[in-house]
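Chain by chain, the residues run as shown.
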Amino acid sequence: MEVELEEVEVEEVEVQLDAQVQSRKTEELVNQQTHDQREHRERLLRLSQELREKEEGWLSCQCRCNSLQSQLLACQQREDEATRKYSVAEQEVEALRRKLEHAQQKSKDLRRDSERMMESHRKALTKMEDDYRQELPFKVHSGSYRLG
């Protein structure tokens, strides 16, 4: 019995040692799991923060893109308006050019007509002077011309 008792005691010690080893292994596994969970949470928090930052950056880029699109649209509208005004101005210039050419032609025609009329009047006055000079001696001689 003593041998049995001794065997039981040895067995009990072995079981206690095994239990302690198992307890340490379990504790190490729990510690490792706790450590892994902590690392996982920290990584998850870091990745969540990075995601928020990237989303904020994307939203900022999206706002900038929208702003640039608005500016581009405004520039295109101003360009269209400038093109329209330029076209209208070009048409007005062409119309004014035609009117100017017409007025210049009219002025040229009037000058030519005026010069013809002046030449005609000059010739008529010259003829009247010549006729008067030729008649004057006869009128003075016949007495129909009286001096004051």
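Overview of the structure. (Residues numbered from 1 in each chain as written. Predicted model: local features only at pLDDT ≥ 70, side-chain atom pairs only at ≥ 80, totals over all residues. Heavy atoms only, no water.)

## With respect to the overall build of the chain
Phase 1: Check the secondary structure of the chain and you find one helix and zero strands.
Phase 2: The C-alpha radius of gyration computed for the chain amounts to 61 Å, which surpasses the reference 15 Å derived for 148 residues by more than 25%, pointing to a less compact arrangement than a globule.
Phase 3: Overall, the C-alpha framework of the chain stretches about 205 × 25 × 10 Å when taken along its three principal axes.
Phase 4: For the chain, with 148 residues in total, the buried portion stands at 0%.
Phase 5: When the accessible surface of the chain is split by element, carbon and sulfur atoms take 56% of a total near 14200 Å².
Phase 6: The chain carries 26 positive and 33 negative side-chain charges, and their two centres are separated by 35 Å. (Helix = DSSP H or I, 4+ residues; strand = E, 2+ residues; numbered from the N terminus. Rg over C-alpha atoms; globule rule 2.2 N^0.38 Å. Buried < 20%, exposed > 50% of the residue type's maximum accessible area, 1.4 Å probe, protein only. Areas by Shrake-Rupley, 256 points an atom, 1.4 Å probe, with all protein chains shown as cover. Lys, Arg positive; Asp, Glu negative; His and termini not counted. Charge placed at Lys NZ, Arg CZ, Asp CG, Glu CD.)

## Some remarks on a negative patch on the surface
Phase 1: On the surface, a cluster of negative charge is made up of E2, E4, E6, E7, E9, E11, E12, E14 and D18.
Phase 2: Within the secondary structure, E9 sits in helix α1 (residues 2–142).
Phase 3: Residue E9 is classed as partly exposed on the basis of its relative accessible area of 42%. (Patch = residues over 30% accessible without salt bridge, like charges linked within 9 Å, V, L, I, M, F, W, Y side chains within 5 Å. Salt bridge = Lys/Arg side-chain N within 4 Å of Asp/Glu carboxyl O.)

## Structural notes on the pattern of salt bridges
Phase 1: Evaluated as defined, the whole model comprises ten salt bridges.
Phase 2: Among the ionic pairs, R97 bridges to E101, the shortest N-O distance being 2.4 Å. Here R97 and its partner E101 are both found in helix α1, four residues apart, which amounts to about one turn of the helix.
Phase 3: Residue classification places E101 among the partly exposed residues on the basis of a relative accessible area of 42%.
Phase 4: D113 serves as the salt-bridge partner of R116, at 3.9 Å between the closest nitrogen and oxygen. In this pair, R116 and D113 both sit in helix α1, three residues apart, roughly one turn of the helix.
Phase 5: On the accessibility criterion, R116 (52% relative accessible area) is exposed.

## A short note on the environment of K123
Phase 1: In this structure, K123 sits in helix α1.
Phase 2: Separated by 83 residues in sequence, K123 and H40 have C-alpha atoms that sit 121 Å apart.

## Quick word on the state of the cysteines
Phase 1: Taken as a whole, this structure holds zero disulfides when the rule is applied.
Phase 2: Free of any disulfide, C63 has its nearest neighbouring cysteine sulfur in C61, separated by 9.4 Å.
Phase 3: In this structure C63 comes out as exposed when scored by relative accessible area, which is 53%.
Phase 4: C75 takes part in no disulfide bond, and the closest cysteine sulfur, belonging to C65, lies 15 Å away.
Phase 5: Of the residues examined, C75 reaches a relative accessible area of 39% and is grouped as partly exposed. (Disulfide = S-S within 2.5 Å.)

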